[in-house]
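Letter by letter, the chains look like this.
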Amino acid sequence: MKVGVLISGRGSNLQALIDACAEADFPAEIVTVISNRPNVGGLELAEAAGIPHQVINHKDFEDRESFDGALDEALQAAGVELICSAGFMRILTDGFVEKWRNKQLNIHPSLLPSFKGLHVHERSIEAGVRISGCTVHFVRAEMDDGPIVAQAAVPVHSDDTASTLAARILVAEHKIYPLALKLVAEGKARVVGEKVVFSGLDETEEAPVLSHPQ
Ligand code: GAR
């Protein structure tokens, strides 16, 4: 499956996907990396991996529709079949989201549907939750909403700061995003009635999908 990765920054999830795709028999390949911000770390990671990459700067566009139109054009030109948003911090128009319905994944650093949006870790700590985590989901028009493919639970320690919690969750993100991509690319995770239905999971896949990834 041909994958386009959308980024806005550092790109550590992009790197996790690059590493997974480099493995023999992995059912997906990254054909393009697109950033809406210039000079971000993720672009260097794509360059180092020899993956075509480009900047489509949202500041160069008058409105969201024209930015999303350029994004769509670039993805189509690269032959993308599935989008993976990986730290892509732009809200997409309903038209774009509908066009890529069930063909776009996102990762978010909370156990959705809790703590959608920004400042997730600050708000998690403020709320006093003892467990947080991360979620890979299909994208819908509402931000950080959509059928869930994989989640990982991560403990919140009493002395955590937003940055220590973010770092702990990021380790889990790097495990579940490649797993979720693999299951979607193999057709083992499919959207049915706004939920993800799994089929044909092997022993190594079942436990990580249902609980904490090993
Ligand atoms: C990740 O923690 C990702 O879950 C989060 O941004 C970070 C990007 O890091 N995404 C969101 O908050 C989207 N709502 P990365 O650039 O190193 O992958």
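In case you missed it, the structure is sitting above this.
Residues numbered from 1 in each chain as written. Predicted model: local features only at pLDDT ≥ 70, side-chain atom pairs only at ≥ 80, totals over all residues. Heavy atoms only, no water.

**Here we look at the overall build of the chain**
Piece 1. From N to C terminus, the chain includes 7 helices and 9 strands.
Piece 2. Relative to the compact-globule value of 17 Å for 214 residues, the chain shows a C-alpha radius of gyration of 17 Å, a close match.
Piece 3. If one aligns the C-alpha atoms of the chain with their principal axes, the spans along those axes are about 45 × 40 × 35 Å.
Piece 4. Taking the intrachain contacts of the chain between residues at least 6 apart in sequence as the baseline, contacts between residues at least 24 apart amount to 61%.
Piece 5. In the form shown here, the chain has an accessible surface area of approximately 10300 Å², with 52% of it arising from carbon and sulfur atoms.
Piece 6. When the 19 basic and 30 acidic side-chain charges of the chain are each reduced to a single mean position, those positions are 4 Å apart. (Helix = DSSP H or I, 4+ residues; strand = E, 2+ residues; numbered from the N terminus. Rg over C-alpha atoms; globule rule 2.2 N^0.38 Å. Contact = heavy atoms within 4.5 Å. Areas by Shrake-Rupley, 256 points an atom, 1.4 Å probe, with all protein chains shown as cover. Lys, Arg positive; Asp, Glu negative; His and termini not counted. Charge placed at Lys NZ, Arg CZ, Asp CG, Glu CD.)

**Regarding the site of the ligand**
Piece 1. Around the ligand sit R10, G11, S12, N13, G87, M89, I107, H108, P109, D144, L170 and E173, and those are all the residues in its vicinity.
Piece 2. In this structure, R10 approaches the ligand through a side-chain N or O atom, which is 2.6 Å from an oxygen atom.
Piece 3. Taking H108, its side chain carries an N or O atom lying 3.0 Å from a nitrogen atom of the ligand.
Piece 4. Notes on the ligand: free accessible area 450 Å², of which the protein chains cover 88%.
Piece 5. When atom positions are compared with the pocket grids, the ligand is found to occupy the largest pocket.
Piece 6. Counting only elements with at least two residues in the shell around the ligand, the list comes to α1 (12–21), β5 (104–108) and α6 (162–185).
Piece 7. Along the lines of polarity and charge, the residues of the shell around the ligand split into 4 nonpolar, 5 polar and 3 charged. (Near = heavy atom within 4 Å. Polar contact = N/O pair within 3.5 Å; in protein donor to acceptor, adjacent residues only side chain to side chain. 1 Å grid on protein atoms, 1.4 Å probe; cavity = no way out; pocket = protein on both sides within 12 Å on 5 of 7 lines; lining within 4 Å. Sits in = over half its atoms within 2 Å of the grid points. Nonpolar A, V, L, I, M, F, W, Y, C, P; charged D, E, K, R; others polar.)

**Considerations on the layout of surface pockets**
Piece 1. Its boundaries defined by the atoms lining it, the largest pocket holds a volume of some 990 Å³.
Piece 2. Counting residues per element, the ones that place at least two in the lining of the largest pocket are α1, β5, α5 (120–127) and α6.
Piece 3. For the lining of the largest pocket, a count of residues per class yields 16 nonpolar, 15 polar and 8 charged. (Points joined across faces, edges and corners; volume = space filled by probe spheres on them.)

**Comments concerning the sheet that holds strand β3 (residues 53–55)**
Piece 1. In space, the 7 strands of this open sheet follow the order β3-β2-β1-β4-β5-β6-β7, with mixed pairing throughout. Each edge of the open sheet carries a strand with a single partner, namely β3 and β7 (148–155). Neighbour-to-neighbour, the strand axes of this sheet turn through a mean angle of 20°, independent of strand direction.
Piece 2. Alignment of strand β6 (residues 131–138) against β7, held across 7 bridges, turns out to be antiparallel. Across the sheet, residue G133 finds its bridge partner in β7, namely A153. (Pairing = 2+ DSSP bridges. Axes fitted to C-alpha atoms, helices over the stretch in contact; angles between N-to-C directions.)

**Some points on the pattern of salt bridges**
Piece 1. In the structure shown here, the tally under the stated rule is 9 salt bridges.
Piece 2. Close ionic contact of E142 with K116 constitutes a salt bridge, the shortest N to O distance being 3.0 Å. Placement of E142 in the loop between β6 and β7 and of K116 in the loop between β5 and α5 is noted, with a sequence separation of 26 residues between them.
Piece 3. By relative accessible area, K116 is classed as partly exposed at 24%.
Piece 4. R168 is the salt-bridge partner of D160, the closest N and O atoms lying 2.7 Å from each other.
Piece 5. Because the salt bridges share partners, they merge into one network encompassing E98, R101, R140 and E194. (Salt bridge = Lys/Arg side-chain N within 4 Å of Asp/Glu carboxyl O. Buried < 20%, exposed > 50% of the residue type's maximum accessible area, 1.4 Å probe, protein only.)

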